[in-house]
Amino acid sequence: MPQFVLGQFIDAVASILDWLLTMYFWILVLSIVVSWVNADARNPFVRFFYAATDPVLYQVRRRLPFLVAGGLDLSPLVVFGGILLVRVVVVQSLYQLAVQLRLHVA
């Protein structure tokens, strides 16, 4: 029985992590769109998008300065790749571990 409960817990953690990564993906997409349309910087939604994405993008730009060239910033692509990598490797592994723990009980 404890393995079944642990499997359920790991499944819940994987689902929450997957949901958070998906939400951050869409926040990043909206932040990019907002930057293209030059939205009002005083708008609370615009401030939220920038506050949520700028710290991560700043770290990518700082570590990989060659991604910003000629006014084109490719750092969001690196973040998208990181999100995809975490979803494929970590989240899927957690889901598989949860299934194995639940099936081991049966």
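Refer to the structure presented above.
Residues numbered from 1 in each chain as written. Predicted model: local features only at pLDDT ≥ 70, side-chain atom pairs only at ≥ 80, totals over all residues. Heavy atoms only, no water.

Q: Just to check I follow, could you spell out the pattern of salt bridges for this structure?
A: Oppositely charged side chains can pair when the atoms bearing their charge come close. Inspection of the entire model under this criterion finds four salt bridges. Asp18 serves as the salt-bridge partner of Arg87, at 2.7 Å between the closest nitrogen and oxygen. Of the two residues, Arg87 sits in helix 3 (residues 75–105) while Asp18 sits in helix 1 (residues 2–37), which places them 69 residues apart along the sequence. (Salt bridge = Lys/Arg side-chain N within 4 Å of Asp/Glu carboxyl O. Helix = DSSP H or I, 4+ residues; strand = E, 2+ residues; numbered from the N terminus.)

Q: Would you mind going over the environment of Ile32 with me for this structure?
A: Its location among the elements puts Ile32 in helix 1. Separated by 60 residues in the primary sequence, Ile32 and Gln92 place their C-alpha atoms 27 Å from one another. Not counting chain neighbours up to four residues away, the residues in contact with Ile32 comprise Pro76 and Phe80. (Contact = heavy atoms within 4.5 Å.)

Q: Where do I start with helix 1 in this structure?
A: It helps to recall that an α-helix has 3.6 residues per turn; residues three or four apart then point in one direction. Between its first and last C-alpha, helix 1 extends 53 Å over 36 residues, near the 52 Å set by a 1.5 Å rise per residue. Of the positions making up helix 1, those classed as buried are Gly7, Ile10, Ala14, Asp18, Leu21, Ile27, Leu28, Ser31, Ile32 and Val34. Backbone geometry just after helix 1 places Asn38 at a positive phi near 50°. (Expected span 1.5 Å × (residues − 1). Buried < 20%, exposed > 50% of the residue type's maximum accessible area, 1.4 Å probe, protein only.)

Q: Help me out: how do you make sense of the packing of aromatic side chains in this one?
A: We describe a pair of aromatic rings using the distance from one ring centre to the other and the angle between the two ring planes. The tally for this structure, following the rule as stated, stands at three aromatic pairs. For the pair Phe25 and Trp26, a centre-to-centre distance of 5.1 Å together with 90° between the ring planes defines the contact as edge-to-face. For Phe25, a relative accessible area of 28% corresponds to the partly exposed category. The class of Trp26 is partly exposed, set by a relative accessible area of 47%. A ring pair is formed by Phe48 and Phe49, whose centres lie 5.8 Å apart and whose planes are at 55°; its orientation type is tilted. (Phe/Tyr/Trp six-rings, centres within 6.5 Å; stacked < 30°, edge-to-face > 60°.)

Q: Just to check I follow, could you spell out the packing of helix 1 against helix 2 (residues 44–63) for this structure?
A: For any two helices packed against each other, one specifies the crossing angle of their axes together with the interaxial distance. Running from N to C, helix 1 and helix 2 point in directions that differ by 110°, and their axes come no closer than 9 Å. As summarised for this structure, helix 1 and helix 2 are arranged roughly perpendicular, according to the angle between their axes. Residues Tyr24, Ile27, Leu28, Leu30, Ser31, Val34 and Ser35 of helix 1 pack against Val46, Phe48, Phe49, Tyr50, Ala52, Thr53, Val56 and Leu57 of helix 2. Its residues assigned to classes, the contact of helix 1 with helix 2 shows 12 nonpolar, three polar and no charged. (Axes fitted to C-alpha atoms, helices over the stretch in contact; angles between N-to-C directions. Parallel < 35°, antiparallel > 145°, perpendicular 65-115°, else oblique. Nonpolar A, V, L, I, M, F, W, Y, C, P; charged D, E, K, R; others polar.)

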